[in-house]
Each structure stands twice: as C-alpha cells, then as structure tokens.
Amino acid sequence: MSELRGRISGCGSYVPEFILSNAGIEKMVETTDAWITARTGIKQRRITLNEKTSVVAAKAAKEALAAASVSPRDIDLVITGTVTPDMVFPSTSCFVQQELGIRPGIPAFDISAACSGFLYALDCADKYIRAGGVKKALVIGVDIFSRILDWTDRATCVLFGDGAGAVVLTETRGKSGILSSHIHSDGRQWEMLYTPGSIGSNPFEERKHLPGPRNAYLKMKGNETFKVAVRTMGGAIKEELQANSLKPSDIALLIPHQANIRIIDAVGERLGLSSGQVFSNIDRYGNTSAASIPIALDEALKAGKIKKGDIVMFVSFGGGLTWASAAVRW
Ligand code: ACO
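Predicted model only: the values in this text are computed from it and were never measured.

Caption draft 1: Structural view of the pairing of strand β13 (residues 322-329). Among the eight residues that make up β13, seven are buried, leaving the element largely enclosed by the rest of the structure. As judged from the eight bridges shared by strand β8 (residues 177-185) and β13, these two strands associate in the antiparallel manner. Among the inter-strand pairings, I183 is bridged to a residue of β13, identified as A324. In terms of strand pairing, strand β12 (residues 311-318) meets β13 through eight bridges, oriented antiparallel. Bridge pairing in β13 places S316 opposite A324. Turn length for the β12-β13 hairpin, with the two strands adjacent in sequence and antiparallel, is three residues, and the turn residue G320 shows positive phi of about 150°.

What follows is the structure in structure tokens.
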C-alpha cells in the first residue's frame, strides 16, 4: 500500500469584479502601460471595493468544496495563508469556518508567510494528513494587498491585485497526491519586503522604535527582491526534483508564484523549461500574494492544462523572506 498523503480533490478561486487596468493606474501615478507591461507583464488587476478578506476567501473555498463534492460538514481542518486578514484576530480561517458552516470544534488557523502563504498552508495540511486523524483539509490562499499599498508609490502600487484561491486536500493512499513539499525562511532578510502594520505601543514602551506614519504600507527593495526571487525559486524547484528523482523534463506544468513575468521567465530558463511547461496569468491579476498559486491552478485546471498522472510543480517566494515548493502527481 502506498504511503498516506494529501491529494488535491477540488480547487476554486475568486477575484473581485472591479478591474483596474494599466490605463487606470496611469491616471493615479506617473507611469505608463508600456513601462508596467515591459517590466512586469501585468496589464490589469482586480481590486476589492467592499469585500472583506474572509468573504473573498469563503467564495473561493465554496467553489473548491463543490469541485471536490465535499460537504463543509466533512472538513477536519482549515488553514489559510494570508497577511491581510479582516482583523488581528480572530483568524480568517475561523471566519470562513463560520461563513461556510464548517463543523465547530475542528482546528482552523492562519499562516503568515506573505506570498508563500498558500504553499506553507498546503505543506502543513499535508503533514496533518500524513500524521493521521485529518481526512479532509480546506487550504486557502487569500490576500487583499490593495489595502496595504501606498497608492502614490508607483514602484509598488502597479504590481499587486486582490483575490483568493482554495483547494480541498483529501487523504489518499493512491499514486496521485502531494509527493513532497518544502518550506523555508530567512529572517535575516526581512527588510527586503515588509509591511510594518499598525500595531500600537503599550504605555510602558518608548515609542521611537515603532513604525512612523504611513506604517500600514508595503515596502519593497524591488531590484534586490527580483534577484533573490529568481535564485531561491530556481533552487526550490531543484530541491523538489531531487526529492523525487525527477528531471525538469518530467514537469508537465510549473505553477510559480505570479510576481513578475520576468522572474517567471528567468526561473523557467534556469531549469531549461519550455514556455508550455510554465503557467502564467499575471497579465490579468498581477501579484495576488498568497492567492496567486491557487488562482493559477484553478485556471490551469479549467483550461484542461492538467491531466491525470501529470507532475505539477508549485513554487513561491515572498516576504519574510519565505520560499516554498511542492511536487504533485495529478
Ligand atoms: N512606472 C514608471 N517608472 C517606474 C515605475 C513605474 N511604475 N516604477 C519604478 N520606475 C522607475 C524607477 O524610478 C527607476 O527610475 P530611475 O532609473 O530614474 O531611478 C526605473 O523605473 C527603474 O527602476 P527599477 O526598480 O530598477 O526597475 P526594475 O526593472 O527592477 O523593475 C520591479 C521594478 C518591477 C519592481 C522589479 O524590480 C520587480 O518585479 N521586483 C520584484 C518584485 C517582487 O517579486 N516582489 C515579490 C513580492 S512577493 C510578496 O511576498 C509580497
């Protein structure tokens, strides 16, 4: 009998209706469609107007449950990757549990790993399944970066969009499922990409170390992040290939975090992958952080780009620094 592991039995995604095109951003900051397209590959992104993170997440999760033909009552675990929750607490997962009528009493919690949030959550859920006890897990990646962007900073506001993606991970002893996954972090490099947030001080603290005004906004060293992203994502895929004695040519589809088309192309080139082996939808959604991989997976599945037996590879990179990967046999 094969080992116990998680299998993606259903996938869903949701993006807000409102489309902000590059032409729309041209009216807000000094930029051009030509610059954004050439430097990032992004043509438009979706922006939420009045939906909470948990509501966006629940819409994607509902679709994943329907695709897996799994009732919310049968879910044993909810894990959400997000850095833009509705509140400091409760977790987004608890709100989704309530919203979808998932059984009270099961564990539901969030993971903070920025753009690697979904793969961190997937890794964690798979390990719960492998340990026994959890048969069906709901794994969500959701972020609403439009709320943490400085919309006067052209170097960052053009890059991101809002959305959510989700999968149901079901216990299996079959040949298909998550073959391996790896998660990593390097806190020494946190200043490359961060959002200070709005945590206040207590009356006993000296305030000078706290973030100043505009502390709610994302900050990024774009150029350095670019180089580290290419290097770490390339290395993470090699680690996954090695763990499974696979070659790059065995990958039917690589679904990388959608941060920048130039990063995606450079990672593909490093591994000698053809353009048909690498999925991208960054032109329509921009970087949706933790949501980017499950949204892309959902689109790839709906477009019939994945068939039974295929080796599908996921890889991500984000603030922390964090990076993660997973190899799946479909
Ligand atoms: N429109 C026009 N010009 C711009 C814009 C813009 N929107 N943004 C920056 N510029 C200018 C800069 O001011 C600079 O001008 P200068 O040469 O006069 O100083 C010039 O364009 C070049 O700027 P660079 O930063 O060198 O441009 P680069 O080619 O590096 O592209 C980018 C910038 C797109 C941000 C790129 O560095 C990148 O994609 N970095 C990685 C981003 C990323 O992966 N983030 C991960 C997020 S994951 C997570 O966890 C959230």
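Anyway, onward from the coordinates.
Caption draft 2: How the structure looks around the domain arrangement of the chain. Structurally, the chain comprises domain 1 (5-175) and domain 2 (179-197 + 214-329). Relative to domain 2, the C-alpha centre of domain 1 lies at a distance of 15 Å. Contacts between the two partners involve 49 residues from domain 1 and, on the opposite side, 45 residues from domain 2. A buried area of about 3,600 Å², summed over both sides, lies between domain 1 and domain 2, and 61% of it is on carbon and sulfur atoms. Area buried by domain 1 at its contact with domain 2 is led by C115, L119 and Y120, which between them contribute 18% of it.

Caption draft 3: Spatial organisation of the packing of aromatic side chains. On inspection of all chains with the given rule, the structure shows three aromatic pairs. Both rings, one in F109 and one in Y128, keep their centres 6.5 Å apart while their planes meet at 50°; by these two values the pair is tilted. Remark: Y128 occurs in helix α5 (residues 117-131) and F109 occurs in strand β5 (residues 108-111); sequence separation between them is 19 residues. The class of Y128 is partly exposed, set by a relative accessible area of 36%.

Caption draft 4: The pattern of salt bridges, seen in detail. In total, this model carries 15 salt bridges according to the counting rule given. With a closest N to O distance of 3.8 Å, E3 and R5 form a salt bridge. For R5, a relative accessible area of 7% puts it in the buried group. In this structure, the salt-bridge partner of K307 is D310, at a minimum N-O distance of 3.5 Å. For K307, a relative accessible area of 56% translates into the label exposed. Members of the salt-bridge network, linked through shared partners, are E3, R5, D126 and R130.

Caption draft 5: Quick peek at the site of the ligand. Contacts to the ligand come from 28 residues, most closely from T31, R39, C115, N223 and N260. At 2.9 Å, a backbone N or O of G222 approaches a nitrogen atom of the ligand. G319 is positioned such that a nitrogen or oxygen atom in its backbone is 2.8 Å from an oxygen atom of the ligand. Burial of the ligand by the surrounding chains reaches 75%, relative to a free accessible area of 1,000 Å². The set of elements that each furnish at least two residues to the shell around the ligand consists of α2 (33-40), α6 (154-157), α7 (222-243), α8 (261-271) and β12. Here the shell around the ligand gets four residues from one element, more than from any other, and that element is α7.

The rules behind these values
Residues numbered from 1 in each chain as written. Predicted model: local features only at pLDDT ≥ 70, side-chain atom pairs only at ≥ 80, totals over all residues. Heavy atoms only, no water. Buried < 20%, exposed > 50% of the residue type's maximum accessible area, 1.4 Å probe, protein only. Helix = DSSP H or I, 4+ residues; strand = E, 2+ residues; numbered from the N terminus. Pairing = 2+ DSSP bridges. Domains from an automatic or database assignment. Contact = heavy atoms within 4.5 Å. Buried area = accessible area lost by both parts, 1.4 Å probe. Phe/Tyr/Trp six-rings, centres within 6.5 Å; stacked < 30°, edge-to-face > 60°. Salt bridge = Lys/Arg side-chain N within 4 Å of Asp/Glu carboxyl O. Near = heavy atom within 4 Å. Polar contact = N/O pair within 3.5 Å; in protein donor to acceptor, adjacent residues only side chain to side chain. Areas by Shrake-Rupley, 256 points an atom, 1.4 Å probe, with all protein chains shown as cover.

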